[in-house]
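Letter by letter, the chains look like this.
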Amino acid sequence: MSRIVYLNGQWLPETEARISVFDRGFVFADAIYEVTAVIGGKLIDYAGHSGRLKRSLAALGIQAPVSDDEMLSLHREILTRNGMTDGLIYLQVSRGAEDRDFLFSDDLTPTFVMFTQSRPVLANPKWQTGISVITMPEGRWVQRQIKTVQLLYSSLAKMEARKQGADDAFFVEDGFITEASSSNAHIVTKAGTLVTRDLSNALLHGITRGWVLDLARRAGMAVEERGFTPAEAKDAAEVFITSATNFVMPVVRIDGQPVGAGTPGPVSETLRKRYIEDRLASAI
Ligand code: PMP
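Residues numbered from 1 in each chain as written. Predicted model: local features only at pLDDT ≥ 70, side-chain atom pairs only at ≥ 80, totals over all residues. Heavy atoms only, no water.

Chemist: Describe the sheet that holds strand β4 (residues 42-43), and please don't skip the residues or the numbers.
Modeler: Taken in spatial order, the 6 strands make up an open sheet running β2-β1-β6-β5-β3-β4, and their pairing is antiparallel. Across the chains shown, the open sheet's two edge strands, defined by having one partner strand only, are β2 (10-13) and β4. Here strand β1 (residues 4-7) pairs with β2 via 4 bridges, running antiparallel. Residue L7 lies in a different strand from β2, and its bridge partner there is Q10. Across the sheet, helix α2 (residues 46-60) touches β3 (31-39), β4 and β5 (87-94), and the angle it forms with β3 is around 175°. (Pairing = 2+ DSSP bridges. Helix = DSSP H or I, 4+ residues; strand = E, 2+ residues; numbered from the N terminus. Contact = heavy atoms within 4.5 Å. Axes fitted to C-alpha atoms, helices over the stretch in contact; angles between N-to-C directions.)

Chemist: If you had to explain the environment of E77 to someone new, which residues and values would you point to?
Modeler: Tracing the backbone through its elements, the reader meets E77 in helix α3 (residues 68-82). In sequence terms E77 and K234 are 157 residues apart; their C-alpha atoms lie 45 Å from each other. Engagement of the side chain of E77 in a polar contact is seen with the side chain of W11, the distance being 3.2 Å. (Polar contact = N/O pair within 3.5 Å; in protein donor to acceptor, adjacent residues only side chain to side chain.)

Chemist: Any chance you could break down the nonpolar core for me, citing the residues and the numbers?
Modeler: Soluble globular proteins: nonpolar side chains tend toward being buried together. Formed by 43 residues in total, the largest nonpolar core has its most connected members in F170, L194, V239, F247, V251 and I254. Inspection of this core shows a minimum of three residues originating in each of domain 1 (4-118) and domain 2 (126-282). Ignoring sequence-local partners within four residues, the contact set of I254 consists of V133, T135, F170, A233, K234, V239 and V259. Core analysis: the second largest hydrophobic core is formed by 22 residues, L74, I78, V93 and I146 among them. (Core = buried A, V, L, I, M, F, W, Y, C linked by side-chain atoms within 4.5 Å. Buried < 20%, exposed > 50% of the residue type's maximum accessible area, 1.4 Å probe, protein only. Domains from an automatic or database assignment.)

Chemist: Could you give an account of α2, naming the residues involved and the relevant values?
Modeler: For an α-helix, 3.6 residues make a turn, and residues three or four places apart therefore share a direction. Taking 1.5 Å of rise per residue, 15 residues should cover 21 Å, and α2 covers 21 Å from first to last C-alpha, within 8% of that figure. Elements in contact with the buried residues of α2: β3, β4, α3, β5 and α6 (207-218). Once α2 ends, the next one or two residues include G61, with phi positive near 65°. (Expected span 1.5 Å × (residues − 1).)

Chemist: Break down the side chain of T148 for me, citing the residues and quoting the values.
Modeler: By the secondary structure assignment, T148 is in the loop between β7 (131-137) and α5 (152-163). In this structure T148 comes out as buried when scored by relative accessible area, which is 7%. A distance of 3.1 Å separates a polar atom in the side chain of T148 from a polar atom in the side chain of Q150. Residues in contact with T148, not counting those within four places in the same chain, are A31, I32, Y33, L60 and W141.

Chemist: So what's going on with the domain arrangement of the protein chain? Which residues, and what values?
Modeler: Examined at the domain level, the protein chain breaks down into domain 1 (4-118) and domain 2 (126-282). For domain 1 and domain 2, the distance between their C-alpha centres works out to 26 Å. Carbon and sulfur atoms supply 69% of the area buried between domain 1 and domain 2, which totals about 1700 Å² over both sides. Considering only the surface of domain 1 that becomes buried against domain 2, Y33, D45 and R52 emerge as the three largest contributors, covering 37% of it. Linking domain 1 with domain 2 are 1 salt bridge. The shortest N-O distance in the salt bridge between D45 and R279 comes to 2.6 Å. At the boundary of domain 1 with domain 2, the tally comes to 7 residue pairs in polar contact (both at pLDDT 80 or more). Looking at the side of domain 1 that touches domain 2, the elements that each hand over two or more residues are β3, α2 and β5. A total of 7 residues in the side of domain 1 that touches domain 2 trace back to one element, the largest contributor, which is β3. By residue class, the composition of the side of domain 1 that touches domain 2 is 12 nonpolar, 4 polar and 3 charged. (Buried area = accessible area lost by both parts, 1.4 Å probe. Salt bridge = Lys/Arg side-chain N within 4 Å of Asp/Glu carboxyl O. Nonpolar A, V, L, I, M, F, W, Y, C, P; charged D, E, K, R; others polar.)

Chemist: Can you tell me about the packing of α6 against helix α8 (residues 266-281), naming the residues and giving the values?
Modeler: One can describe the packing of α6 onto α8 by two numbers: an axis separation of 10 Å at closest approach and a directional angle of 105°. Between α6 and α8, the interaxial angle falls into the category roughly perpendicular. In this structure, α6 contributes T208, W211, V212, L215, A216 and R218 to the contact, and α8 contributes L271, R274, Y275, D278 and R279. Residue composition of the contact of α6 with α8, by class: 6 nonpolar, 1 polar and 4 charged. (Parallel < 35°, antiparallel > 145°, perpendicular 65-115°, else oblique.)

Chemist: Break down unusual backbone geometry for me, citing the residues and quoting the values.
Modeler: One non-glycine residue, F247, lies in the positive phi region at around 60°. Residues other than glycine seldom take positive phi values, yet D255 does so here, at roughly 50°.

Chemist: If you had to explain the pattern of salt bridges to someone new, which residues and values would you point to?
Modeler: In the structure shown here, the tally under the stated rule is 23 salt bridges. A salt bridge links K126 to D167, with the nearest nitrogen and oxygen atoms 2.9 Å apart. Linking K126 in helix α4 (residues 126-129) with D167 in the loop between α5 and β8 (168-173), this pair joins segments that are 41 residues apart in sequence. On the basis of relative accessibility, which here comes to 37%, the residue K126 falls in the partly exposed class.

Chemist: An account of the site of the ligand is needed here, citing residue identities and associated values.
Modeler: Around the ligand lies a shell of 17 residues, among which R52, E179, I207, T208 and A244 are the nearest. In this structure, a nitrogen atom belonging to the ligand sits 3.3 Å away from a main-chain N or O atom of S182. Interatomic distance of 2.9 Å between a backbone N/O atom of A244 and an oxygen atom of the ligand. Taken together, the elements giving at least two residues each to the shell around the ligand come down to α2, α6 and β13 (238-243). Taken together, the residues of the shell around the ligand break down into 4 nonpolar, 9 polar and 4 charged. (Near = heavy atom within 4 Å.)

Now the structure itself:
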């Protein structure tokens, strides 16, 4: 399968798209990214993802590569060009390329890449079994609210999780869980309260997280936005993660210890179903 990718104003077969070895995304991880899910040809939570894209660009002082209208039409066009109805759209914007120097020029032309990943996002077999996680010290940089491509620690964490027979890792800082390596972490206490870390620079402000909290509140659930410890998570009735690629995914094991009955619980299942139903209704 050869995809058509978008690179700086051009549509190219994936094997022909090239960027400079001097690109600051490559040399300094000076770049930001977004991932949007696509179901039945529609973009899920596009407004949230495009809003965060603009905030990430502004935080790093990188120029927006295209206008808002053009950004939306590129999302539509990449689906048409690749005949994709279900999957993910990945986009990355770097500050651009120039001779390597920690100091950068302020007139660089950003590098803008988009590609598709076709997959049946509504048929994730792990929703039925849940996933297992390990806890690891938080070792990422401190401006985690910006969706930068500095993903080395997250990538090493996922490899370590796999080595230990788990699916993912929860990062722990000062005794509290920040989030998972590429998703937000949530617990449901035995009293039925949904607890999720409050927003700060300690974690990425997940688009899926925001809507899931909104749906939980609308369903009358008690919601607390505060830090929680690995011990609280291990003792919770349910634990789950949220992201644009997993929606709501149950976590059934932490550091080898079963959560609740060790099987996916009803709250995460209900919230996943409601999230998909609600966000599909608003998909564009
Ligand atoms: N936290 C991190 C570190 C992430 O990388 C992601 C997304 N990949 C999320 C949370 C979830 O964010 P969203 O719901 O916007 O996909």
